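Below, each chain spelled out in residue letters.
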Protein chains: 2
Amino acid sequence: MTLKQLEAFYWSAILGSFALAAERLFMTQSALSKRIQELELEIGIPLFDRTGPRARITEAGQNILGRVENLLALRDEIVLAARGPIGLQGTCRFGISELMAMQFLPKIVAAARAAFPDVIVEPRVAVTRELLDDVEKGETEFALAPGTSENPDVLSRPIVSIPLCWVAAPDLVKGKTSITSAELQAYPIISMSAQAGSSLVLQSFSAQHDLRFRRILASNSPEAVASVTMAGLGIALLAEPFVKRFIDTGQLLRIDIEDQPAVSELQYSIHWRADNKRVLAKKIRELAYEICTRPLS
Amino acid sequence: MTLKQLEAFYWSAILGSFALAAERLFMTQSALSKRIQELELEIGIPLFDRTGPRARITEAGQNILGRVENLLALRDEIVLAARGPIGLQGTCRFGISELMAMQFLPKIVAAARAAFPDVIVEPRVAVTRELLDDVEKGETEFALAPGTSENPDVLSRPIVSIPLCWVAAPDLVKGKTSITSAELQAYPIISMSAQAGSSLVLQSFSAQHDLRFRRILASNSPEAVASVTMAGLGIALLAEPFVKRFIDTGQLLRIDIEDQPAVSELQYSIHWRADNKRVLAKKIRELAYEICTRPLS
DNA sequence: CACTCTTACGGCACCCGTAAGAATC
DNA sequence: GATTCTTACGGGTGCCGTAAGAGTG
């Protein structure tokens, strides 16, 4: 029995797929498949059921999964105890929303590389729904995203709350900086794609005021939304820190909604699976939390 | 990092010697030395101090030793959980005194081989002192021997108490079956070597009655002591079950000591290091305990 | 000089990746 | 036919044992 075999088994069990596990471990499916076969031969019992279209973990596999998890965690602790953080190796994947990425990702990656030079950090930028899905499936160690997961296995810890604001090109609203929600309805709305955090706020806003918006763009990129808005195509609901530079230069105008005094805020949290025991994941998650909650310098 | 490296480190640390660890792991010193070097390279810090005549574990090595121990125990538990006892591999060395060996060793070995077919069982027959030394040094997993260890790290659990008796050739004592302790002093004493359990009883007996014996043989073999005694060379203190067959055939005569009404008993126990976490060792130790305390069939 | 660990080197075995095959939807 | 896992095969590397070297009491 080898640590490599156990790691192959572990990731195959967590991800429910040999192909994904092989990708994570930077090897081919074929090699991983054989590693697991050798492990099964070693302990003399099948760990996966290959009868279906995809390999499903057997009861025997489920029985040892927790112990294998503990063993692998112990391996990382041994390295940590002997050499400190710089000795850790491995890969850490995490998800991050674009807005958070613009503000924090460079710092997170830099800090992670400094603390764990031999660790491969793989951030993935996506919209909220995808980020949370990946965490639930075990594909990423944690995610920095708005909202909370409805999955009880996923824990969330708030980090920052970012105010949203309505913006438009000055021409479009003829210089008006304050309109009613009814008036707002007349304008085309430029929004992020439906699965993004700010779109969820937009949905709840429209439901609350019984409004129907005409959306003319659903982009995954806030930059795209901002540029289209600056071109005068409509009004957008965007994160205030993100559009501040455009407001300062006069490219966008901040619009207040008269009958909506309180500005909506997007609550960002860090999300992770409660059963994730990986030492590396925990360290980098804490590091990311630290950076995102630290007062801006 | 590999399990083999960790195991090499573990046994080198426990036994305090690369040579002994290599012997235990059925490999050459040279190969083991390189394995440990590779582990040190892997975690980036020396685990042994080679400046002295023998490799001494460093502080860093000491720091990880407990975790490595847990990791290796977890490996065995994984096999146990998946496959049951028959999946366990490895070597189990234990010590046993000759008298216990005659009565129980075949049963213990047979039971161990039946329960753990892939385990190499290495019993070692020796006298009490050596058996306990080996347990203290970590060379054996446990020992079946009389008495208790003065080392607080060694736990002892009683198994059986075996009565001792004085025996002599009928000719030597002219058929007398009862003598005083003073008369006993006149005869040559044939005893086990000084480090055997029965010799320790003999020492305490002589101290108690302020007697000085003339010893004419110190053998590690009870068979040798019995045969010499049957030849009429002196009186011996031997285990009753062992000499029963000679008494029954008339080759030896049982001698009672008039002023020593209670017969000395040799209390046998099973001894093991309290910090021994090895799964295999524990299983076979319990198996041996079971067999030695089971009513004789 | 006995003992212990290290270094050098030759050979074998293991393990990986490529490529093709089988099974399932 | 797309996806997923398995099997077959060639090649490179890692690891072991033998043998010689170095340091210590």
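The following refers to the structure shown. These numbers were taken from a predicted model, which means no experiment stands behind them.

## Topic: the interface of chain B and chain A
Tallying the contact residues gives 21 residues for chain B and 21 residues for chain A. Approximately 2200 Å² of surface area, both sides summed, lies buried where chain B meets chain A, with 75% of it carried by carbon and sulfur atoms. Between the two partners, chain B and chain A, sit zero salt bridges. For the interface between chain B and chain A, the tally reads zero residue pairs in polar contact (both at pLDDT 80 or more).

## A short note on the relation of the copies chain B and chain A
Superposition record for chain B on chain A: RMSD 0.1 Å, screw rotation 179 degrees, translation along axis 0.0 Å. Such values leave the two copies arranged in the relation of a two-fold axis. The C-alpha atom lying nearest the rotation axis in chain B is that of leucine 71 of chain B; the distance is 2.8 Å.

## A look at unusual backbone geometry
When glycine is set aside, most residues are seen to have a negative phi, and most peptide bonds are trans. Even without glycine at this site, phenylalanine 26 of chain A takes up a positive phi of about 55 degrees. Along the polypeptide, phenylalanine 26 of chain A turns up in the loop between helix H2 (18-24) and helix H3 (29-43).

## Digging into the packing of aromatic side chains
Scanning the entire structure with this criterion turns up ten aromatic pairs over all chains. Taking 5.1 Å as the distance between ring centres and 85 degrees as the angle between the ring planes, the aromatic pair formed by phenylalanine 18 of chain B and phenylalanine 48 of chain B counts as edge-to-face. Residue phenylalanine 18 of chain B is found in helix H2 (residues 18-24), and its partner phenylalanine 48 of chain B is found in strand E1 (residues 48-49); the two are separated by 30 residues along the sequence. Classification of phenylalanine 18 of chain B as buried rests on a relative accessible area of 15%. Classification of phenylalanine 48 of chain B as buried rests on a relative accessible area of 4%. Among the aromatic residues, those joined into a ring-pair cluster are Phe9, Phe18 and Phe48 of chain A.

## Digging into the protein's contact with DNA strand D
As a matter of local geometry, DNA strand D sits amid 18 residues, with Gln29, Ser33 and Arg50 of chain A together with Ser30 and Arg35 of chain B nearest to it. Backbone atoms, meaning sugar plus phosphate, form 62% of the atoms of DNA strand D positioned within 4 Å of the protein. Phenylalanine 18 of chain A places a polar main-chain atom, nitrogen or oxygen, 3.1 Å from a phosphate oxygen of DNA strand D. The contact in question runs from a base nitrogen of DNA strand D to an N or O atom on the side chain of lysine 34 of chain B, over 3.5 Å. Contributions of two or more residues to the surface near DNA strand D are made by H2 and H3 of chain A together with helix H3 (29-43) of chain B.

## So, the protein's contact with DNA strand C
Inspection of the region around DNA strand C gives 19 residues, with Arg35 of chain A together with Ala19, Gln29, Ser33 and Arg50 of chain B positioned closest. In DNA strand C, atoms within 4 Å of the protein come from the sugar-phosphate backbone in 67% of cases. In this structure, serine 30 of chain A approaches DNA strand C through a side-chain N or O atom, which is 3.0 Å from a base oxygen. One of the backbone N or O atoms of alanine 19 of chain B is found 3.0 Å from a phosphate oxygen in DNA strand C. Going through the elements one at a time, H3 of chain A together with H2 and H3 of chain B are the ones with two or more residues in the surface near DNA strand C. Partitioning the surface near DNA strand C into residue classes produces six nonpolar, eight polar and five charged.

Cut-off values and rules
- Residues numbered from 1 in each chain as written.
- Chains lettered and ligands numbered in written order.
- Predicted model: local features only at pLDDT ≥ 70, side-chain atom pairs only at ≥ 80, totals over all residues.
- Heavy atoms only, no water.
- Contact = heavy atoms within 4.5 Å.
- Buried area = accessible area lost by both parts, 1.4 Å probe.
- Salt bridge = Lys/Arg side-chain N within 4 Å of Asp/Glu carboxyl O.
- Polar contact = N/O pair within 3.5 Å; in protein donor to acceptor, adjacent residues only side chain to side chain.
- Least-squares fit on C-alpha atoms with pLDDT ≥ 70 in both.
- Helix = DSSP H or I, 4+ residues; strand = E, 2+ residues; numbered from the N terminus.
- Phe/Tyr/Trp six-rings, centres within 6.5 Å; stacked < 30°, edge-to-face > 60°.
- Buried < 20%, exposed > 50% of the residue type's maximum accessible area, 1.4 Å probe, protein only.
- Near = heavy atom within 4 Å.
- Nonpolar A, V, L, I, M, F, W, Y, C, P; charged D, E, K, R; others polar.

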